[in-house]
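The residues making up each chain are set out below.
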Amino acid sequence: MSRAASGDFKIDRLYDAALDSGTSILLTGDDTTDIESVFHRLLTANADEQSIVLATDDNARSVRRSFEDVEGGTGDRTKVLTAEGPARDDDVTAIEDISDLTATGMSFSTVIANAQQQTDRFRAGIFLASSICKAVDDTRSVYRFLNSNFLTELRRGDGIGVCALDTSADLGSSTNSIVSGIETSFTGHIEITDSGITDMTLSVSGIDALPDTIEVNRR
Amino acid sequence: MQQSVLTVDSKDAPDLSTIVDSEDGMSAVEVSSCSAVETKLTEESIDCVVTGYEIEDDTGMDVVDTVRAESPQTPVVLYTDVSPGEIDTASFEDLIVEYLNNDLPDAADRLTFIIDDIIGHSVQVGFMTPEDEDDRIEALNGYDIKKLPIEDSFSRLTDLIASHFDASVSFIGLIEEDQENFLACTGADWDSMTREKTMCTHSILQEDVMVVEDVREDQRFSEIDAIENFGIRSYAGANMTTPDGHVIGSVCVLDTEPRSYSLEEKEELQQYAETVMEILELRDTVQTGDTPEVEA
């Protein structure tokens, strides 16, 4: 028995391509605004999908507005777990303490399971994993969370996922090692390597549907 | 192969054993307390633990805590109708557990699917794995380590390495699926260690020599009791890579003081790791009777 269905996930709001179900992407960069732009363009849901976002630093309204900025009407297809602000409706789950990854993980799994009662297809994301790393004392619990919850839900379900990490965050001496450690368990890595006034350059590895380098507008 | 699932009897999930036993290939071992969980994990080979939340005298989170302490890589499922918001996780913030609400219409089906999945994928471990993990383990299993006469050679090598780098500890370790096995160790008496507690688990994820100048400043290691208890402050590890490109282990030096390693020292450590692999390959070739391929 497998819960995963087949089907490509178009990412044409970022680039004219489609990702296989189960694809997991580590998205890194040192500019939060640029990371946010790429993150939301990858995760904006189509009509038969839902976006599920674990937001560490933004409230639900802000997350939905970011999706609406990408494409009008998509904010309604969004379920948000947020460490900032209250749960104002059924599609928002408040996380009291982002460093409590046990509670966060259980809530994340519950939101995915409930979403799947409505539609199988989902795009899940974490914005920002670097904030979680900063909040916890032991990085092993972040690895366990990613393994047990995030990557597992992607493998089992019909979805894609993006885990965003801001490399400018103060993670002590281990930022690069944490990135290279996490990277190995994800399907691919998109790194925002350069950004100008209007465009940014994305370096891509591990994702067959995308070239090694992409130039996209900053929006 | 039959999967042995430890089920913890609870008010909110009274039918756990029935669900598990009804699935082909799974058998339930039923207990009703944390102490019984601890005993069973010690006495029997358990592939997975499933618990409700409202168990006798304790909660399901106490069960998870017990499993993590006794057998950290054994997966646990919390199967309950108690919502995540009502579960007290204040003392269990980094345990991480698979949660399944048993109010869902297809909860029983989901449970057996999840049990099978988490056993097969080792999904609850506190470390990331290389992308070639399955092939890497297969490559490692290709060496019949127990039959190879390598112990004396490797012990001499770790003596040399410790002396060369003036390090407190030097070792050669193989990273297996669940643990690191130490083939030789100078300066400490280690046989094996759970994988998520070893630094080599992380060093095999990167191509070059991994150096941790001060483990107390590195979030990946600062909370690992074993490292603290041994007084370890610095680490350098070089990959042991098979001819097919799979990293099966590490050659490492540890010290009780923070320290850095020059580019030259890192290259030397890598050369020691390559020497270890050459010895391993040659001994394996002699053992299996294969003719080694010689490059022109």
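Because the structure is a prediction, the values reported are computed rather than measured.

*Asks:* For the interface of chain B and chain A, give the residues involved together with the corresponding values.
*Replies:* The interface of chain B with chain A comprises 46 residues on the first partner and 46 residues on the second. Surface buried jointly by chain B and chain A totals about 3900 Å² across both partners, of which 50% is contributed by carbon and sulfur atoms. Taken as a group, Ile96, Met128 and Gln219 of chain B account for 21% of the area that chain B buries against chain A, more than any other trio of residues on that side. For the interface between chain B and chain A, the tally reads four salt bridges. Here Asp117 of chain B makes a salt bridge to Arg156 of chain A, at a shortest N to O gap of 2.7 Å. Taken together, the elements giving at least two residues each to the side of chain B that touches chain A come down to helix H3 (60–70), strand E7 (98–101) and helix H4 (107–121) of chain B. Sorting elements by how many residues they give to the side of chain B that touches chain A places H4 of chain B first, with seven residues. Residues that form the side of chain B that touches chain A fall into these classes: 22 nonpolar, nine polar and 15 charged.

*Asks:* Go over the packing of aromatic side chains, please, and point to the residues and values.
*Replies:* Counting across every chain of the model gives 10 aromatic pairs over all chains. Taking the centre distance of 5.6 Å and the plane angle of 50 degrees together, the rings of Phe182 of chain B and Trp190 of chain B count as tilted. In terms of burial, Phe182 of chain B and Trp190 of chain B fall into one category: buried. Ring geometry for Trp190 of chain B and Phe230 of chain B: centres 4.8 Å apart, planes at 55 degrees, overall tilted. With Trp190 of chain B in the loop between strand E9 (179–186) and strand E10 (192–194) and Phe230 of chain B in the loop between helix H8 (225–229) and strand E12 (234–241), this pair connects stretches of sequence that are 40 residues apart. Three or more aromatic residues joined by ring pairs make a cluster, and in this case those are Phe108, Phe145, Phe150 and Phe186 of chain A. In this arrangement the basic side chain of Arg121 of chain A is found over the ring face of Phe9 of chain A, its NZ or CZ atom lying 4.0 Å from the centre.

What counts and what doesn't
- Residue indices follow the written sequence of each chain, beginning from 1 at its first position.
- Chains carry letters and ligands carry numbers; both start at the beginning, A for chains and 1 for ligands, and go up in the order they are written.
- The model is predicted, so local features are restricted to residues of pLDDT at least 70 and side-chain atom pairs to those at 80 or more, both for listing and for counting; the totals for chains, interfaces and linings are taken over all residues.
- Only hydrogens and water are set aside; all other atoms, that is, all heavy atoms of the structure, feed into the side-chain values.
- Working rule for contacts: check all heavy atoms of both residues, and any pair within 4.5 Å makes them a contact.
- Buried area is a sum: the accessible area each of two parts loses on coming together, probed at 1.4 Å, counted once for each and added.
- Salt bridges are counted wherever a side-chain nitrogen of Lys or Arg sits within 4 Å of a carboxyl oxygen of Asp or Glu.
- Segments assigned H or I by DSSP are reported as helices when at least four residues long, segments assigned E as strands when at least two residues long, and all are numbered from the N terminus.
- Polar here means any residue outside two lists: the nonpolar Ala, Val, Leu, Ile, Met, Phe, Trp, Tyr, Cys and Pro, and the charged Asp, Glu, Lys and Arg; Gly therefore counts as polar.
- Classification of ring pairs rests on two measures: the distance between centres of Phe, Tyr or Trp rings, Trp counted by its six-membered ring, which must be within 6.5 Å, and the angle between planes, read as stacked under 30 degrees, edge-to-face over 60 and tilted in between.
- Only protein chains enter the accessibility calculation, which uses a 1.4 Å probe. A residue is then buried if its area is under 20% of the maximum for its type, exposed if over 50%, and partly exposed in between.
- Here, a charge over a ring means that NZ of Lys or CZ of Arg falls within 6 Å of the ring centre while also lying within 35 degrees of the ring normal.

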